[in-house]
Amino acid sequence: MAYILQSYKTAPAKTFELPPDNKRKKLKSGDFAKVVFYSGSDRPAERMWVKVQTNKKGRYTGVLDDVPVVAVYLKCGDEIEFEWFNVIDIIENEEHKGR
């Protein structure tokens, strides 16, 4: 089964503060992005961290840096493609801070 990502606008239980759009559009290699994986109507969505590898105008490729509990069709280390509007949280790589 392929994964389906949710936009921040449709992410369940909005219990998070969204980073500004300009930060979500400019992630760099080594940053971490939290995205929401949708697993079907009978299962809850799952929020997981992805380590960014590439950014092409807000379209990202990264590696899953979490162990899925609900999205069992994924595993830690899987390549994930996502877009800036899928990002609901960010951890910036230390070497990028302050630049």
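Residues numbered from 1 in each chain as written. Predicted model: local features only at pLDDT ≥ 70, side-chain atom pairs only at ≥ 80, totals over all residues. Heavy atoms only, no water.

Asker: So what's going on with the nonpolar core? Which residues, and what values?
Answerer: Ranked by internal contacts, the top residues of the largest apolar core, which has 17 residues, are Phe37, Ile80 and Phe82. Among the elements of the structure, strand S2 (32–38), strand S3 (46–56), strand S4 (59–64), strand S5 (79–83) and strand S6 (87–91) are those that each provide at least two residues to this core. For Ile80, the residues in contact, after removing those within four places along its chain, are Tyr3, Leu5, Phe37, Val50, Tyr60, Thr61, Gly62, Leu64 and Leu74. (Core = buried A, V, L, I, M, F, W, Y, C linked by side-chain atoms within 4.5 Å. Buried < 20%, exposed > 50% of the residue type's maximum accessible area, 1.4 Å probe, protein only. Helix = DSSP H or I, 4+ residues; strand = E, 2+ residues; numbered from the N terminus. Contact = heavy atoms within 4.5 Å.)

Asker: Describe the pattern of salt bridges, and please don't skip the residues or the numbers.
Answerer: Here the structure, examined in full by the defined rule, presents four salt bridges. One salt bridge connects Asp78 with Lys75, and the closest N-O pair in it is separated by 3.0 Å. According to the relative accessible area criterion, Lys75 is exposed, its value standing at 54%. (Salt bridge = Lys/Arg side-chain N within 4 Å of Asp/Glu carboxyl O.)

Asker: For unusual backbone geometry, give the residues involved together with the corresponding values.
Answerer: If you check the backbone angles, Lys57 has positive phi at about 55 degrees while not being a glycine. With respect to the helices, strands and loops of the structure, Lys57 is situated in the loop between S3 and S4. Overall, the relative accessible area of 84% leaves Lys57 in the exposed class.

Asker: Before we move on, could you go through the environment of Asp65 and cite the residues and values that matter?
Answerer: As for its position among the elements, Asp65 is in the loop between S4 and S5. In this structure the C-alpha to C-alpha distance between Asp65 and Asp78, which are 13 residues apart in sequence, comes to 8.4 Å. For Asp65, the residues in contact, after removing those within four places along its chain, are Phe32, Trp49, Val50, Lys51 and Cys76.

Asker: Break down the pairing of S3 for me, with residues and values.
Answerer: Pairing analysis gives six bridges linking S2 to S3, with the strands arranged antiparallel. Bridging from a neighbouring strand, Val36 pairs with Arg47 of S3. Of the strand pairs in this sheet, S3 and S4 are connected by six bridges, and their pairing is antiparallel. What sits directly across from Lys56, in S4, is Arg59. Adjacent in sequence and paired antiparallel, S3 and S4 are bridged by two residues, among which Lys57 carries a positive phi angle near 55 degrees. (Pairing = 2+ DSSP bridges.)

Any functional reading would require information beyond the geometric quantities listed.
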